[in-house]
Amino acid sequence: MSHLDAPTVIRTKRDGGVLSDAAIDWVIDGYTHGRVADEQMSALLMAIFLKGMVPAEIARWTAAMVNSGERFDFSDLRRAAAPSRPLALVDKHSTGGVGDKITIPLLPVVMACGASVPQAAGRGLGHTGGTLDKLEAIQGFTAELSKDRIRQQLRDIGAAVFAAGDLAPADRKIYALRDVTATTESLPLIASSVMSKKLAEGARSLVLDVKVGRGAFLKTEAESRELAATMVDLGNANGVPTRALLTDMNCPLGRTVGNSVEVSESLEVLAGGGPSDVVELTLALATEMLDAAGIGDSDPAETLRDGSAMDCFRALVAAQGGDLTCPLPIGTATETVTAPYGGIMGDLDAMGVALAAWRLGAGRARPGEPVQFGAGVRIHRKPGEPVAAGEALFTLYTETPERLPAALAELDGAWTVGDTAPMQRPLIVDRIG
């Protein structure tokens, strides 16, 4: 393959050509091992962003990223409680939303129903919060797990949440580059990034939660549908049965956006309460995951009622060093936004709320930056709810008071109070696969 070189590969895509399998394998391997420079990969990513990829290219690009690192295989494992059966390994991935803490209550619900979840999770970048940032708000919790530790947790308790680490190392490098080169919102690059990590982590089946609306990565429903279909095809082609739910992300999920505030809301859900939209989506995804794993006869809602999901969450947190008896951190500098007059809460723009939480310190602008666990936004009134003049609509939290004005500016214009309730959109838009 010595005849291949980066300028030729870049030129092919720049001019709208289709990259050969050999070119894709060469460039991913070369970039992973430092033979292809950042500026060359940046140029190629921009060409892909502008010219797109055909399905065969996306499939090969994904496979090359999976092959850049190790692929976990848990097929030999048995649950300690049921040694005669192989593990029902299933995972879910969300394309990233606002207030999307669903993984936190969802994993324990699925564990309580008898499935096992190897969850390679990520940190937040830009306006979307990362599951790891949220869980690390719990005192002592770690996601840096060895492969042996992951295997042991899957066998003993039925789940492990771990940093993607050695999985698809090409994706880790490319992801960081996409973020600083404005090539994040490319459908082929999103699909291959998500699926390379998920195919490498060892799940036997996969459920995707693909967001649609203002707070989603892709702005139109048509793009979100295409992304969902592309990822479902990639999973199925690689022997991992995959299905997707398209879910609404015009308004934030639940009543909290941030890190520790989302953990405390998840604990409310696990205790049998919590916001109805978070419960609805948790149970819908749990039903899909259990069906995909071949455990269709259990009732996920019962695990929230009888406390078994909460027991599973406590076991998961304890296994990963976390201490739920320590109070969750909350920002000491606060600001409350109140209603100027009475009426009904109108639309609430997920992106505006997300950017406010990001300004408060809940997210990061560059990979590797620390986040404030106690920063975030609490939403007191959701669309369609009655509002009295002077009533609190939002509370903002941060450790750095100088961040408050910028956060308030992002929130300004993200909400309305009017005379009529906004149109109610269904939370689950469609199912694909």
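The structure displayed is predicted, hence computed values, not measured ones.

1. Observations regarding the packing of aromatic side chains
Now for step 1: Considering all chains together, one arrives at three aromatic pairs under this definition.
Now for step 2: Each ring, one from F72 and one from F162, has its centre 5.9 Å from the other, and the planes form 45°; the classification is tilted. Of this pair, F72 sits in the loop between α4 (55-66) and β1 (78-79) while F162 sits in strand β5 (residues 159-163), placing them 90 residues apart in sequence. For the pair shown, F72 and F162 are each scored as buried.
Now for step 3: When the centroid spacing of 6.1 Å and the interplanar angle of 55° are considered together, the rings of F394 and W415 count as tilted. Of this pair, F394 sits in strand β13 (residues 392-398) while W415 sits in strand β14 (residues 415-418), and the two are 21 residues apart along the sequence.
Now for step 4: The class of F394 is buried, set by a relative accessible area of 0%.
Now for step 5: By the ring-pair criterion, three or more aromatic residues cluster together here, those being F72, F74 and F162.
Now for step 6: Taking the ring centre of Y31 as reference, the NZ or CZ of K173 above it sits at 4.3 Å.
Now for step 7: The ring of Y175 has K197 lying over it, and the distance from NZ or CZ to the ring centre is 5.6 Å.

2. With respect to the sheet that holds strand β8 (residues 256-258)
Now for step 1: In spatial order, the strands read β8-β11-β13-β9; together these four strands make up an open sheet with antiparallel pairing. Unpaired on one side and paired on the other, β8 and β9 (333-338) mark the two borders of the sheet. This sheet shows a mean twist of 15° between the axes of neighbouring strands, independent of strand direction.
Now for step 2: Sheet topology note: the β9/β13 ladder contains six bridges and is antiparallel.

3. Focus on the UniProt feature "domain: Pyrimidine nucleoside phosphorylase C-terminal" (unreviewed entry) in the protein chain
Now for step 1: UniProt records the feature "domain: Pyrimidine nucleoside phosphorylase C-terminal" (unreviewed entry) at residues 344-418, using the numbering of this structure.
Now for step 2: Its end C-alpha atoms 5 Å apart, residues 344-418 is made of 25% helix and 29% strand.

4. Concerning the pattern of salt bridges
Now for step 1: The full count for this structure, using the stated rule, is 31 salt bridges.
Now for step 2: With a closest N to O distance of 3.3 Å, D21 and R60 form a salt bridge. Here D21, found in helix α2 (residues 21-32), pairs with R60, found in helix α4; they are 39 residues apart in sequence, far enough to count as distant.
Now for step 3: Its relative accessible area of 30% is what places R60 among the partly exposed residues.
Now for step 4: Overlapping salt bridges bring together R243, E288, D291 and R431 as one network.

5. Some details on the nonpolar core
When a protein is soluble and globular, its nonpolar side chains tend to lie buried together.
Now for step 1: With 76 residues, the main nonpolar core has V110, V377, F394, L396 and W415 as its most contacted residues.
Now for step 2: Looking at which element gives the most residues to this core, the answer is helix α12 (residues 276-292), with nine residues.
Now for step 3: Split by domain, the residues of this core number at least three in each of domain 2 (90-320) and domain 3 (333-418).
Now for step 4: Excluding residues that lie within four positions of it along the chain, L396 makes contacts with A333, T334, E335, V337, L360, G376, V377, L404, A407, L408 and L411.
Now for step 5: Counting 59 residues, the second-largest nonpolar core is a separate cluster that includes M41, I48, I150 and L234.

6. Observations regarding helix α1 (residues 6-14)
What sets the pattern is the α-helix's 3.6 residues per turn: residues three or four places apart point alike.
Now for step 1: Restricting attention to buried positions, one finds in α1 the residues A6, V9, I10 and K13. One side of α1 carries all its buried residues, which in axial view fall inside an arc of 95°.
Now for step 2: Buried residues along α1 sit against α2, α3 (38-51) and α4.

7. A look at the sheet that holds strand β10 (residues 343-348)
Note on sheets: strands pair through backbone hydrogen bonds, and any given pair is parallel or antiparallel.
Now for step 1: Pairing in this open sheet of three strands is antiparallel, and the strands run β12-β10-β14 from one edge to the other. Two strands in the sheet have a free side with no partner beyond their single neighbour: β12 (386-387) and β14.
Now for step 2: As defined by bridge partners, β10 adjoins β12 across two bridges and the pair is classed as antiparallel. Residue pairing for β12: I344 is matched across the bridge by P386.

8. A word on α2
Now for step 1: Over its twelve residues, α2 extends 17 Å from the first C-alpha to the last, a length consistent with the 16 Å expected when each residue adds 1.5 Å.
Now for step 2: For α2, the full list of buried residues reads A23, I24, W26, V27, I28, G30, Y31 and T32.
Now for step 3: In this fold, the buried residues of α2 make contact with α1, α3, α4 and α8 (169-180).
Now for step 4: Residue G34 follows α2 closely and has a positive phi angle near 85°.

9. Let's talk about the packing of α8 against helix α9 (residues 187-200)
Now for step 1: For the pair α8 and α9, the least separation of the axes is 10 Å and the interaxial angle reads 145°. Seen from above, α8 lies across α9 with left-handed handedness. Here α8 contributes D171, Y175 and R178 to the contact with α9, which in turn contributes L189, I190, S193, S196 and K197.
Now for step 2: Considering only residue class, the contact of α8 with α9 consists of three nonpolar, two polar and three charged.

Cut-offs used in this document
- Residues numbered from 1 in each chain as written.
- Predicted model: local features only at pLDDT ≥ 70, side-chain atom pairs only at ≥ 80, totals over all residues.
- Heavy atoms only, no water.
- Phe/Tyr/Trp six-rings, centres within 6.5 Å; stacked < 30°, edge-to-face > 60°.
- Helix = DSSP H or I, 4+ residues; strand = E, 2+ residues; numbered from the N terminus.
- Buried < 20%, exposed > 50% of the residue type's maximum accessible area, 1.4 Å probe, protein only.
- Lys NZ or Arg CZ within 6 Å of the ring centre and 35° of its normal.
- Pairing = 2+ DSSP bridges.
- Axes fitted to C-alpha atoms, helices over the stretch in contact; angles between N-to-C directions.
- UniProt positions renumbered as here; feature names shortened; annotations may be inferred.
- Salt bridge = Lys/Arg side-chain N within 4 Å of Asp/Glu carboxyl O.
- Core = buried A, V, L, I, M, F, W, Y, C linked by side-chain atoms within 4.5 Å.
- Domains from an automatic or database assignment.
- Contact = heavy atoms within 4.5 Å.
- Arc of directions from axis to C-beta.
- Expected span 1.5 Å × (residues − 1).
- Left-handed = near helix turned anticlockwise from the far one by under 90°.
- Nonpolar A, V, L, I, M, F, W, Y, C, P; charged D, E, K, R; others polar.

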